[in-house]
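Observations on chain architecture
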Amino acid sequence: MKIIGIILVAAAPFCAGLVLSLSAVNSPRELEGFISLVAFYRYRMNSYLSRQAEIFAQFENEALEKCGFLAALRNTELSGEQSILSSALEKHGRLLSIDRTSMECLREFADSLGKLGLAEQTERCRFCEEELKRAAAACRTQAMQKSKLYRTLGAAAGLFFAILLI
């Protein structure tokens, strides 16, 4: 019975470290989702001259769906001067686990939707895509480091408790 208790006590911190390491990869996935959204928006805007609501209704991405932002975006109504994306970021931005710089880039992009000509909007989409790609690359590196740190700390804590109980 004592061995089972030791195993359970040692496994708990290890599992906690594993869960934390898996959650560290959410931010890069969400950024990649927004990169896809901006690229999809640019394509639909240039090819079909679609309205914002139509574009967002047709876009699909697992990471943005999983965190709940895509559903919130689709349910957001156009309000006053703000674009749909701008309203959704303002009301539901807390669902996202992306850094402040990336969120500012997205907000600037969202604020420009519907206010610029086609050429300027296309250029703004490209600029936002590039900024988010840079942020995603940095975030991926940082997430890998955090993930490794959490796994190592979990394993070390589990080993510490196992030795302590023996």
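Going by the structure above, here's the rest.
None of these values were measured; they are calculated from a predicted model. (Residues numbered from 1 in each chain as written. Predicted model: local features only at pLDDT ≥ 70, side-chain atom pairs only at ≥ 80, totals over all residues. Heavy atoms only, no water.)

**Examining the overall build of the protein**
Regarding its fold elements, the protein presents eight helices and zero strands. Counting helices and strands in the order they occur from the N terminus, the protein gives α-α-α-α-α-α-α-α. Its C-alpha atoms give the protein a radius of gyration of 21 Å, more than 25% over the compact-globule value 15 Å for 166 residues. Each of the three principal axes of the protein carries a C-alpha extent, and together these read 70 × 30 × 25 Å. Considering the protein as a whole, with its 166 residues, one finds that 39% of them fall into the buried category. (Helix = DSSP H or I, 4+ residues; strand = E, 2+ residues; numbered from the N terminus. Rg over C-alpha atoms; globule rule 2.2 N^0.38 Å. Buried < 20%, exposed > 50% of the residue type's maximum accessible area, 1.4 Å probe, protein only.)

**Structural notes on helix H1 (residues 2-23)**
Taking 1.5 Å of rise per residue, the 22 residues of H1 would be expected to cover 32 Å, and the 32 Å separating its terminal C-alpha atoms lies within 8% of that figure. For H1, the complete set of buried residues consists of Ile6, Ala10, Pro13, Gly17 and Ser21. In the core, the buried residues of H1 are packed alongside helix H8 (118-165). (Expected span 1.5 Å × (residues − 1). Contact = heavy atoms within 4.5 Å.)

**Focus: the packing of H1 against H8**
Each pair of packed helices can be described by the angle between their axes along with the distance between the axes. Look at H1 against H8: their axes get within 7 Å of each other, and the N-to-C directions meet at 165°. Taken as axis vectors, H1 and H8 run roughly antiparallel relative to one another. Once H1 is placed against H8, the crossing between them reads as right-handed. When H1 is examined against H8, the residues Lys2, Ile6, Val9, Ala10, Pro13, Phe14, Gly17, Leu18, Leu20 and Ser21 are found in contact with a partner set consisting of Ser147, Tyr150, Arg151, Gly154, Ala155, Ala157, Gly158, Phe161, Ala162 and Leu165. (Axes fitted to C-alpha atoms, helices over the stretch in contact; angles between N-to-C directions. Parallel < 35°, antiparallel > 145°, perpendicular 65-115°, else oblique. Left-handed = near helix turned anticlockwise from the far one by under 90°.)

**Regarding the side chain of Arg124**
Its location among the elements puts Arg124 in helix H8. Note on Arg124: relative accessible area 16%, which makes it buried. Not counting residues within four places of it along the chain, the set of residues in contact with Arg124 comprises Cys105, Glu108, Phe109, Ser112 and Leu116.

**A look at the packing of helix H6 (residues 84-92) against helix H7 (residues 100-112)**
Relative to each other, H6 and H7 sit at 145°, their axes nearing to 7 Å. The chirality of how H6 crosses H7 is left-handed. Two secondary-structure elements touch here, H6 through Leu85, Ser86 and Leu89 and H7 through Met103, Leu106, Arg107, Phe109, Ala110 and Asp111. The residue makeup of the contact of H6 with H7, split by class, is six nonpolar, one polar and two charged. (Nonpolar A, V, L, I, M, F, W, Y, C, P; charged D, E, K, R; others polar.)

These values are about where atoms sit, not about what they do.
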